[in-house]
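Working through the structure, step by step
For reference, the chains in residue letters:
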Amino acid sequence: ILRHSAGLRLSKLRKCPNMAASVWKSCRNAAQKFKFAPFLRNCSQCGVGQASQIILRPLRDAAIQRRPLSSRASGGKVHRWLRLGFGAAMLTSVSGAGYVFYNYRQAMTVTSEIPVTTAQCQSTPDLPPMKITLYQYLTCPFCCKARAFLEYYGIDFQVVEVNPLSRGEIGWSDYKKVPIVIVELDGKDEKQQLNDSSVIISILKTFMVNTHKDLDKVVSYYPVMVTQDTNGNDIKEIANKYWVMVDLETMSEEYGKRRRAEVKWRKWVDDHFVHTLAPNIYRSTAEALQAFDYISTMQNFGPWERWAVKYGGSAVMWGIAKRLKNKYQLKDDVRESLYDAANEWLKGVGKKRFMGGAHPNLADLAVYGVLSSIEDFDAFKDLMENTKMRPWYERTKKAVKSHAGANTVHIHAP
């Protein structure tokens, strides 16, 4: 209507009913005809009564009542439904984003380590028959770290993908983070629950090098200690979190030196390296949407949850990424902090094939594991192109996927 009336003066419409009839016929639907009705009313007031009666007959036949033209008169209901729909969409996004934020905070909480204790045990490469179940989020860096360990050593395990919003798959557990590993030994009715990726790896590795194969005893080497902060809140700390427990009396000095280096870098992964990932994969709105498009497709979400996580989660995590950059004192261009961390790791590896020498150690598996969680994102591609990380990463990936650790002898001394 605006297109037609812009080239026609109202005075011409008033004087020429044929011209008015021509504009009327160009209307595509009843709504457009309704908007044009005031022009015809003006025509009838100027003496073009017969023509206007003929032209207005379609309005009466369509049971459309003429009234003064206004933006609310023609689109009130449409606008009202649009507002309701938009409000429902925003509510859905906010609720979904809230769940995402809560689960992220839960997953990123890292317990601290207290002084090391020792245990009397010996070594063996054998593992007794057992069933391992890994409860995980597919794209969680800590879950990827635990999965890399299990794959490298060729340990058979089942995966249960946990819905990050409802977490119904771990509703039976008081511990609400992932990963969780359940170990069932043949001949025993009781199941052993292992929590925290670094503790899971340390316990299973210690279990592999012990001759007594008493999992309950191995778990006792990693007690949970509860202290309180200045506000009276409980803080849970896990002793020996990064240590594989071996007999110190028979451990060689060289092995002890290598083990201390391994512990140092495993802590570095949890305390520093992993915190450079989120600000990079959610660096911009486009990258945040890319990440959550992948996450919402790969994770165990329903249709409603997938929509809420993709749009609500990406918006919230983009904002959280800015806070994380400040919290962990990353550079303004967070890519530079990611590159610096990678170069720091490569400097530690030096000219060796792996940090562990000829074979990956637990530090290699930890770095590879958390880094593999962003393999499908732009941040990973930029990292491979702007650092010399690719050769080490490809070597470690090949070792993990081929279960190379299943053929190694797990001894604690050379």
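This write-up is about the structure you can find in this document. (Residues numbered from 1 in each chain as written. Predicted model: local features only at pLDDT ≥ 70, side-chain atom pairs only at ≥ 80, totals over all residues. Heavy atoms only, no water.)

Moving on, we get to the packing of aromatic side chains. In the structure shown here, the tally under the stated rule is 12 aromatic pairs. Centroid distance Y152 to Y153: 4.8 Å. Interplanar angle 75°. Geometry classified as edge-to-face. The pair formed by Y152 and Y153 is uniform in burial state, with each residue classed as buried. The interplanar angle of 85° and the centroid separation of 5.4 Å between the aromatic rings of W265 and W345 together place this pair among those described as edge-to-face. Here the residue W265 occupies a position in helix α10 (residues 253-271), and W345 occupies one in helix α14 (residues 334-349), the gap between them amounting to 80 residues. One exposure class covers both W265 and W345, and it is buried. Directly above the aromatic system of F207 lies the positively charged group of K213, at a separation of 5.4 Å from the ring centroid. (Phe/Tyr/Trp six-rings, centres within 6.5 Å; stacked < 30°, edge-to-face > 60°. Buried < 20%, exposed > 50% of the residue type's maximum accessible area, 1.4 Å probe, protein only. Helix = DSSP H or I, 4+ residues; strand = E, 2+ residues; numbered from the N terminus. Lys NZ or Arg CZ within 6 Å of the ring centre and 35° of its normal.)

Pairs can form between side chains of opposite charge whenever their charged atoms are close. Here the structure, examined in full by the defined rule, presents 11 salt bridges. E151 is the partner of K401 in a salt bridge, and the nearest nitrogen-oxygen pair spans 3.3 Å. Residue K401 is found in helix α17 (residues 389-401), and its partner E151 is found in helix α7 (residues 141-152); the two are separated by 250 residues along the sequence. The exposure class of E151 is buried, given its relative accessible area of 17%. Each of R283, E287, D333, R335 and D382 takes part in salt bridges that share partners, so that together they form one network. (Salt bridge = Lys/Arg side-chain N within 4 Å of Asp/Glu carboxyl O.)

Turning next to the pairing of strand β2 (residues 130-136). Along β2, 6 of the 7 residues are buried, which leaves the element largely enclosed by surrounding structure. Sheet analysis places β2 next to strand β4 (residues 180-185), joined by 6 bridges and oriented antiparallel. Paired with T133 across the bridge in β4 is I182. Pairing geometry for β2 and strand β3 (residues 158-161), over 4 bridges, is parallel. Note on β3: the bridge partner recorded for Y135 is V160. Running through α7, the crossover from β2 to the neighbouring parallel element β3 is right-handed. (Pairing = 2+ DSSP bridges. Right-handed = clockwise from strand over helix to strand, strands pointing away.)

As far as function goes, none of this settles anything; it's purely spatial.
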